[in-house]
Amino acid sequence: MPKYKAIEPIRIENRQWPDQQITSSPRWCAVDLRDGNQALPNPLTLDQKKEYYQLLLDIGFKEIEVGFPSASKDDYDFCRWLIDEKQIPEDVMISVLAPSRPDLIRKTMEALKDYPQALVHIYVATSDLHREHVLGKTREETVKIVRESIAAIKECAAAQPETRFYLEFSPEEFTDTDLDFAIDICDDVVEQWGTEEGETVILNLPATVERRPPTHYADMIEVFMKKLKTKQAVISLHAHNDMGCAVASTEMALQAGAHRVEGTLFGHGERSGNVDMVTLILNLQYMGIDTGMNFSNLVEINEVVSRLTQMRPHARHPYVGDLVFSAFSGSHQDAIHKCLVRKDEMMEHFGQWKIPYLHVDPADVGRNFEKFIRINSQSGKGGIAHMIELEHQIKLPREFQVVLAKKVQAYAEEVSREITSDELTDVFKANFLGADTPIELIKYWPYPDEKKPSEIHGKVELKFNGEEKTLEADEDGPIAAFVAACRQLDLPEFELVNYEEDSLGKGAKAEAVAFVTVKNKQTQSVSYGIGTHSNIDQAAVKAVVAALNNVLAYG
Ligand code: KIV
Ligand code: ZN
């Protein structure tokens, strides 16, 4: 007998959901303090729950399941603290979970005393697997258990008239339950509750264990909503992530028409977790839907949740992982660099955010200071140039980019790891700025020759191998005069093969930057130099000195 088999698909005629789009935000219910908390190796203390609850409010959650008061004293005390200390804003609804057992329901209702409105969430396992093999109940007995539970809630509610009670019901293991039975029991729940005009019952349909592909979950929701008799129901989703598809399942089930989602930040929850509300909500925001939630400080949210749960999301966790906005590969870096420097222009062109390899603007989730480009042996010239521009405001000419990329790659291969920005700066300086030796420039004055106005007289004061020298030369420009003066030093024969200049920053106060390429005529090898100064001539001569020192250092 095979151990695993293909999963029976859902029989559905005229399937609608694949052609439907999510066009508005569902209601969001955070179950971190209940489903998330019950799966933590070290459950949250009362103080930690208070901090987590505040975080959920700050993000914008209006529905929060705060615990399982009949099962945990901490949850009971937390619920009491919320009510006694008036910690629940008027526009927020808290809910509590209770099993379908009248005695435990009574205890649960006690925890809600004096709260003007409250949602009581009861559940019962409806799958054959659970019903028969865990609980030992028939379908009829299961329906009876739920009816008795509803009767207990109504009885307590009558004794607590100061509170308006609402009902949520979950057929646990919904996705492993016979669909017709799930529909019947849910219709019965709404009927037993006796909804008033305009009132609704939340029918929460959990993938308690993810045993089906996302398409099946959406199919089940579509069929459920079509066949359900009552119209007074809010259809809620609650997907676990055993197959890693909870976000996809929930999105497809929303396409099928569901109204509400339960989940946790970063997917904390039993086994592989609950649906990750951060990924799901940001996915919807990325589709242009106003979700009412604020994740603009996701970095801090992550810090708080990681500290409280003692678990950090994976480095590649969507939106929040340490590496999700980083590019190591050269071609990716090149593409990001080219477009990120023109991001406003790109926005205008596409009418929306569109940057290669960055599906959202990292700034929208608080990654303002992120280094999008990180350097290792896979990095290319574009990425390296981007980093240099970021750190030193120097836009390297192409030839300099190519040379630096080779040097950086060699260095990264040698150290066999990612390199830091300090190390990149060291490689950059070593190859382009040169050491102040053997030539150390002290002063350079270029001035027009009074007798020959077309010529520049250059006077250089420098140290060569530690010895002070004053050199003079006349040429048709200040840089040529400086180069001619340097030829008087004991240097290999050289040729200045390229010279470029640019500015660092914009405006009158911008510094000048000069790029010089010098060829050693004996070895034919080429060296590079960069110089910066508020005066372009001084920048140029600094670049020449750097290039000459490199000639002497590298041959
Ligand atoms: O996963 C689940 O089925 C649950 C229910 C109690 C809603 O957490
Ligand atoms: Zn759950």
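What counts, and where the lines are drawn
- Residues numbered from 1 in each chain as written.
- Chains lettered and ligands numbered in written order.
- Predicted model: local features only at pLDDT ≥ 70, side-chain atom pairs only at ≥ 80, totals over all residues.
- Heavy atoms only, no water.
- Phe/Tyr/Trp six-rings, centres within 6.5 Å; stacked < 30°, edge-to-face > 60°.
- Helix = DSSP H or I, 4+ residues; strand = E, 2+ residues; numbered from the N terminus.
- Buried < 20%, exposed > 50% of the residue type's maximum accessible area, 1.4 Å probe, protein only.
- Pairing = 2+ DSSP bridges.
- Axes fitted to C-alpha atoms, helices over the stretch in contact; angles between N-to-C directions.
- Contact = heavy atoms within 4.5 Å.
- Donors = N, O, S within 2.8 Å, 3.2 Å for Na, K, Ca; no water.
- Domains from an automatic or database assignment.
- Buried area = accessible area lost by both parts, 1.4 Å probe.
- Salt bridge = Lys/Arg side-chain N within 4 Å of Asp/Glu carboxyl O.
- Nonpolar A, V, L, I, M, F, W, Y, C, P; charged D, E, K, R; others polar.
- Near = heavy atom within 4 Å.
- Polar contact = N/O pair within 3.5 Å; in protein donor to acceptor, adjacent residues only side chain to side chain.
- Areas by Shrake-Rupley, 256 points an atom, 1.4 Å probe, with all protein chains shown as cover.
- 1 Å grid on protein atoms, 1.4 Å probe; cavity = no way out; pocket = protein on both sides within 12 Å on 5 of 7 lines; lining within 4 Å.
- Sits in = over half its atoms within 2 Å of the grid points.

Draft legend 1. Spotlight on the packing of aromatic side chains. Summed over all chains, the structure comprises 10 aromatic pairs. Arranged with centres 5.7 Å apart and planes meeting at 85°, the rings of F428 and F432 form a pair that is edge-to-face. Taken together, the residues F428 and F432, both in helix α16 (residues 421-433) and four residues apart, mark about one turn of the helix. Here the two residues F428 and F432 agree in accessibility, since each one is buried.

Draft legend 2. The sheet that holds strand β7 (residues 233-239), seen in detail. Here we have eight strands rolled up into a closed barrel, ordered β1-β2-β3-β4-β5-β6-β7-β8, and parallel in their pairing. Across this sheet, the average inter-strand angle for adjacent strands is 25°, counted without regard to direction. Here strand β1 (residues 27-30) pairs with strand β2 (residues 63-67) via two bridges, running parallel. Within β2, the residue paired with C29 across the bridge is E63. Here helix α6 (residues 139-159) sits on the sheet and contacts β4 (117-125) and β5 (164-172); the angle it forms with β4, its principal contact strand, is near 165°.

Draft legend 3. Expanded view of the coordination of the zinc ion (ligand 2). For the zinc ion (ligand 2), the protein coordination sphere consists of D35 (OD), H238 (NE2) and H240 (NE2), at 2.0 to 2.1 Å. Donor residues for the zinc ion (ligand 2), ordered by position in the chain, follow D-x202-H-x1-H.

Draft legend 4. Up close: the environment of V143. With respect to the helices, strands and loops of the structure, V143 is situated in helix α6. With 14 residues separating them in the primary sequence, V143 and L129 have C-alpha atoms 16 Å apart. Apart from residues lying up to four places away in sequence, V143 is in contact with F181, I185 and D188.

Draft legend 5. Highlighting the domain arrangement of the protein chain. According to the domain assignment, the protein chain contains domain 1 (26-309), domain 2 (330-420) and domain 3 (439-554). One C-alpha centre belongs to domain 2, the other to domain 3, and the line joining them spans 31 Å. Every contact between the two is made by nine residues of domain 2 and, on the other side, 12 residues of domain 3. Overall, the association of domain 2 and domain 3 removes approximately 820 Å² of surface from exposure, summing both partners, and the carbon and sulfur fraction of that is 71%. Here domain 2 and domain 3 share zero salt bridges between them. Partitioning the side of domain 2 that touches domain 3 into residue classes produces five nonpolar, two polar and two charged.

Draft legend 6. A look at α16. Those residues of α16 that sit buried are S421, E423, L424, T425, V427, F428, N431 and F432. In this structure, the buried side of α16 is in contact with α14 (381-392), α15 (398-415), β14 (526-533) and α18 (536-554). Taken from the residues just after α16, G434 is the one with a positive phi, measuring 70°.

Draft legend 7. Just the pairing of strand β8 (residues 260-263), in detail. Residues of β8 alternate between two faces, with R260 and E262 on one and V261 and G263 on the opposite face, all of them buried. When β1 meets β8, the two strands line up parallel, connected through four bridges. Bridging from a neighbouring strand, A30 pairs with G263 of β8. Examined bridge by bridge, β7 and β8 share three bridges and lie parallel to one another. Across the sheet, residue L237 finds its bridge partner in β8, namely V261.

Draft legend 8. Examining the site of ligand 1 more closely. Close contacts around ligand 1 come from R34, D35, L97, H121, Y123, S170, E172, N204, P206, T208, H238 and H240, and that covers them all. Contact distances for ligand 1 include 2.6 Å between an oxygen atom and a side-chain N or O atom of T208. In isolation ligand 1 has 260 Å² of accessible area, and contact with the protein removes 94% of it. Here ligand 1 occupies the second largest pocket. Among the residues forming the shell around ligand 1, the class breakdown is three nonpolar, six polar and three charged.

Draft legend 9. Up close: unusual backbone geometry. For the bond running from T437 to P438, omega is 0°, close enough to zero to count as cis. Within the fold, P438 resides in the loop between α16 and β9 (439-448). Although it is not a glycine, N465 sits at a positive phi angle of roughly 50°. With respect to the helices and strands, the residue N465 is situated in the loop between β10 (456-464) and β11 (467-475). Its relative accessible area of 58% is what places N465 among the exposed residues.

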